[in-house]
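This is what each chain is made of:
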Amino acid sequence: MFRNGIAVIGLGYIGLPTCAALTQQGLTVHGVDVNERTVSEINAGRVPIVEPDLDEAIEEAVTSGRLQASTRVPAASYYLIAVPTPFKGDHEPDLSYIRSATEAIAPRLRGGEVVILESTSPPGTTRKISEWLAELRPDLRLPHQSERPDVHLAHCPERVLPGRIMVEIFSNDRVVGGLTPACAERAAALYRTFVTGEILLTDATSAEMAKLTENSFRDVNIAFANELAEICEELGLDVWEVIRLANRHPRVNILNPGPGVGGHCIAVDPWFIVASAPERARLIRTARETNDARPHTIVSKVKGALSELGAGPDGENATIACLGLAFKADIDDLRESPALGITEQLANDLPGATILAVEPHVTALPKSLHGRANVFAAEVSYAVHEADVVLLLVDHHAFKHLTLGDLEGKKVIDTRGLWR
Ligand code: SAJ
């Protein structure tokens, strides 16, 4: 079944762990990426991203000869597409990476292959790949044209949580949606080699929508918590206490308010649903807007605290400690991070203030903060000691040890409820 090997296209947070999982089953995998540096790093057994236990797994895969990477798509029995699906300026999905991957696969097809899309995608994308392949290879029968196609096509959305990928890639249940039931069966065979969770077969569009629904569910629930935080603030209540009490009801489980929703999944995927049904997706759109507005609210709170301290409008002579830059706790990933966005905004709006940025998981300030006259990388104790305003942006383990004594006399804005 896997005679000609497996080609994984896109060697990022999903593609690379999938290569590791497959090679651990003794399968031969060819990794493909457009980035030559990524390819040479992987061929040297090194991992260009930070994820627990991934380095050892990739090193082992490369030294055993089961994983090899290149910039060209080889002939294979299975093609697995794990490329990014960002959105364009107007929140419309950008399928150009999927289109490029399809174009690279098309000339390699001989008949009998299975093509699986793992990238999170708007409803109808798997069918679109089938249509693109039909244009590129009119000699082949594709599953949107025939019940007995030459090439099988399915969607199996990735569901792993950054920070726990090497656990969840095995243990999570997987949804496998085929353009035909036989497509789903063929694709499921690949996942049965390494997934210990259940494999749920369905059609491709339901699988696409299920994945978007999962992340939208979380986004809407975080928006609920964030709205609650703002209501409680207006009423002079502690939102964490209110949530703690409400969550003791057997059917209530409110998520945590925070400075906004970051990462490249939950803040993006709901827009794909909105783009598919703009008139209907009102709650989903409002949730997105609520979460996107959160960083601005936090910036205003900091400015309010500064004015209470008597600082001028440009923050003159005030020191602000920004604790955490990552998009969530205990990871080094700064992509789409509300914490980073807030720190940048404070640096822009308050040129007279000194901003001490603390991020224990990175070795240097990110480019967007580096070289600014009013921003300095700092270690946590020093930053807190120097600060007039302590702004907790990420609930990193490394910040938990701070005590009320350390924070005494400071204006404290704890966006994560870490110290309550
Ligand atoms: N956040 C809150 N409050 C909460 C939970 C999260 O403000 O109660 C914030 C986080 O701080 C972070 C953002 O939301 O900024 C997203 O974090 P997350 O841990 O909820 O999710 P991701 O983006 O790391 O991973 C999600 C996961 N999806 C779901 O849990 C439904 C993961 O399983 C998916 O594979 C991943 O998106 C993806 O790639 O789609």
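Counting buried positions along strand 9 (residues 319–323) yields 5 of 5 residues, so the element is predominantly enclosed. Alternating residues of strand 9 divide into Thr 319, Ala 321 and Leu 323 and Ile 320 and Cys 322, and every residue in both groups is buried. The parallel pair strand 9 and strand 10 (residues 354–358), bridged by helix 12 (residues 338–349), forms a crossover whose chirality is right-handed. Alignment of strand 9 against strand 12 (residues 389–392), held across 4 bridges, turns out to be parallel. Its bridge partner being in strand 12, Cys 322 is matched across the sheet by Leu 391.

Right, let's get into the domain arrangement of the chain. Here the domain parsing of the chain yields domain 1 (6–197) and domain 2 (216–414). On a C-alpha basis, the centres of domain 1 and domain 2 stand 34 Å from each other. Listed per partner, the contact involves 15 residues of domain 1 and 12 residues of domain 2. Summing both sides of the interface, domain 1 and domain 2 together bury roughly 1,100 Å²; the carbon and sulfur share of this comes to 67%. At the boundary of domain 1 with domain 2, the tally comes to 1 residue pair in polar contact (both at pLDDT 80 or more). Partitioned by chemical class, the residues of the side of domain 1 that touches domain 2 number 9 nonpolar, 5 polar and 1 charged.

Now for the packing of helix 8 (residues 204–235) against helix 11 (residues 282–308). Here helix 8 crosses helix 11 at 45°, and the two axes come no closer than 8 Å. Here helix 8 lies oblique to helix 11, going by the angle between them. Here helix 8 and helix 11 pass one another in a crossing that is left-handed. Contacts from Ser 216, Asp 219, Val 220, Ile 222, Ala 223, Asn 226, Ala 229, Glu 230 and Glu 233 in helix 8 reach Leu 283, Ile 284, Ala 287, Arg 288, Thr 290, Asn 291, Arg 294, Thr 297 and Lys 301 in helix 11. Here the residues of the contact of helix 8 with helix 11 sort into 7 nonpolar, 5 polar and 6 charged.

This part takes up the nonpolar core. Considering soluble globular proteins, one finds that nonpolar side chains tend to be buried as a cluster. One finds Ile 58, Leu 190 and Tyr 191 to be the most contacted residues of the largest nonpolar core, which totals 46 residues. Considering each element in turn, this core owes the most residues, 6 residues, to helix 7 (residues 181–192). Contact partners of Tyr 191, with chain neighbours within four places excluded, come to Leu 80, Ile 116, Glu 118, Cys 156, Arg 174, Val 176 and Ile 199.

Conventions we followed
Residues numbered from 1 in each chain as written. Predicted model: local features only at pLDDT ≥ 70, side-chain atom pairs only at ≥ 80, totals over all residues. Heavy atoms only, no water. Buried < 20%, exposed > 50% of the residue type's maximum accessible area, 1.4 Å probe, protein only. Helix = DSSP H or I, 4+ residues; strand = E, 2+ residues; numbered from the N terminus. Right-handed = clockwise from strand over helix to strand, strands pointing away. Pairing = 2+ DSSP bridges. Domains from an automatic or database assignment. Contact = heavy atoms within 4.5 Å. Buried area = accessible area lost by both parts, 1.4 Å probe. Polar contact = N/O pair within 3.5 Å; in protein donor to acceptor, adjacent residues only side chain to side chain. Nonpolar A, V, L, I, M, F, W, Y, C, P; charged D, E, K, R; others polar. Axes fitted to C-alpha atoms, helices over the stretch in contact; angles between N-to-C directions. Parallel < 35°, antiparallel > 145°, perpendicular 65-115°, else oblique. Left-handed = near helix turned anticlockwise from the far one by under 90°. Core = buried A, V, L, I, M, F, W, Y, C linked by side-chain atoms within 4.5 Å.

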